[in-house]
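Descriptive analysis of the structure
Below are the chains, spelled out letter by letter.
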Amino acid sequence: MTRFSAHLSTLYAALPLVERPAAAAAAGFDTVETWWPGADVAGFASSVEAAGVAVSCLNMDGGDLAAGERGFMNVPTARRGNLEAFAAAIELGSALEAPFINVLVGRAVAGVSLSSQWDIAVGMFRELAGHAARAGVTIVIEHLNEHDVPGALVSTPKAAAGLVEAVGSDHVRLLYDAYHAAMAGIDPVRDVGAYVGLISHVQYADSPGRGAPGTGTIDFTAFLESLDTAGYTGKVGLEFIPAGEPPQLASFSAAHDRSIGVTT
């Protein structure tokens, strides 16, 4: 299995959902990840199976992303909807043998104190953790950033790590996102090693712009080196928006080889 996971929702956004897994496979990827596929869950699952790719991470339905919704774990009235959405994610994740389910926390809601929203989210994640344990999957919590997602309840790696620790379950871990860290004013190359004991999945896009490696300020090879030094052996999800045609896996081989000290 290769180190990189192709994010179907960004690399192949121009294609119909059911064509994306095959496109990733044709580009050399054997592992993919995705936001919640929406209404055509069965069609998506069939397309993944037909393409012969593994799924590293699946987002639980976090609402209308285009409209700015980013999960509802902090919403007092959303418990039933969260449980139903997580059950659906477990069903699809189990069918696809996805080890990680990314559960977005949410944006701050008016009329409820931030401390209360934090407590609600902790309780909700603890409840979902029990379901995750029984299903044999792990929840990952992703930090966002205030620039792109104003009011994000979890807007830094430190905040996400704090939520993981507050939940206190082996089935709730951290998703470290290099792009969101950089947009929060944090150098992910220097920062990621501090959280490796909590990280189960990593995502990368360059910043600013959320483009391919080399279009922004995050040194891709140095970021991979930091992961190697810290002992991270999981997948790196490529969640950037390509400027032209989606990339080939081979285009990332040189950065990977440099990060592990391979010379040619």
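Above this text is the structure in question.
Let me sum up the structure you'll find in this document.

The rules we used
- Residues numbered from 1 in each chain as written.
- Predicted model: local features only at pLDDT ≥ 70, side-chain atom pairs only at ≥ 80, totals over all residues.
- Heavy atoms only, no water.
- Axes fitted to C-alpha atoms, helices over the stretch in contact; angles between N-to-C directions.
- Helix = DSSP H or I, 4+ residues; strand = E, 2+ residues; numbered from the N terminus.
- Parallel < 35°, antiparallel > 145°, perpendicular 65-115°, else oblique.
- Left-handed = near helix turned anticlockwise from the far one by under 90°.
- Contact = heavy atoms within 4.5 Å.
- Nonpolar A, V, L, I, M, F, W, Y, C, P; charged D, E, K, R; others polar.
- Core = buried A, V, L, I, M, F, W, Y, C linked by side-chain atoms within 4.5 Å.
- Buried < 20%, exposed > 50% of the residue type's maximum accessible area, 1.4 Å probe, protein only.
- Pairing = 2+ DSSP bridges.

Following both chains from N to C, one finds helix H5 (residues 114-135) and helix H6 (residues 157-167) inclined at 55°, their axes separated by 9 Å at the closest point. It follows from the interaxial angle that H5 and H6 lie oblique. Relative to H6, H5 is oriented so that their crossing is right-handed. Across from Trp-118, Val-122, Phe-125 and Arg-126 in H5, the residues of H6 making contact are Ala-159, Gly-162, Leu-163, Ala-166 and Val-167. In terms of residue class, the contact of H5 with H6 is built from seven nonpolar, one polar and one charged.

Before going further, it helps to spend a moment on the nonpolar core. Among the nonpolar cores identified, the biggest contains 72 residues, and Phe-4, Phe-29, Phe-86, Val-103 and Phe-125 are the most heavily contacted of them. In terms of residue count, H5 provides more of this core than any other element does, seven residues in total. Excluding its chain neighbours within four sequence positions, the residues that come into contact with Phe-125 are Met-73, Val-103, Val-105, Ile-139, Ile-141, Leu-163, Val-167 and Val-172.

The eight strands lie next to each other as E1-E2-E3-E4-E5-E6-E7-E8, forming a closed barrel whose pairing is parallel. Sheet twist, expressed as the mean angle between neighbouring strand axes with direction ignored, is 30°. Of the strand pairs in this sheet, strand E3 (residues 54-59) and strand E4 (residues 100-102) are connected by three bridges, and their pairing is parallel. Each residue of the ladder has a partner; that of Asn-59, found in E4, is Asn-102. Strands in contact with helix H4 (residues 79-96) are E3, E4 and strand E5 (138-142); relative to E3, the strand with the most contacts, it is inclined by about 175°. Taken strand by strand, helix H9 (residues 220-230) contacts strand E1 (4-7), strand E6 (172-177), strand E7 (199-204) and strand E8 (236-238), and its axis lies near 175° from that of E7.

Turning our eyes to something else, we now look at unusual backbone geometry. Looking along the chain, the bond that leaves Ser-207 and enters Pro-208 is cis, with omega of 0°. Within the fold, Pro-208 resides in the loop between E7 and H9. In this structure, Glu-97 takes a positive phi of about 55° despite not being glycine. Note on placement: Glu-97 falls in the loop between H4 and E4. Notably, Arg-210 is not glycine yet its phi reads approximately 55°, a positive angle. Mapped onto the secondary structure, Arg-210 falls in the loop between E7 and H9. Of the residues examined, Arg-210 reaches a relative accessible area of 18% and is grouped as buried.

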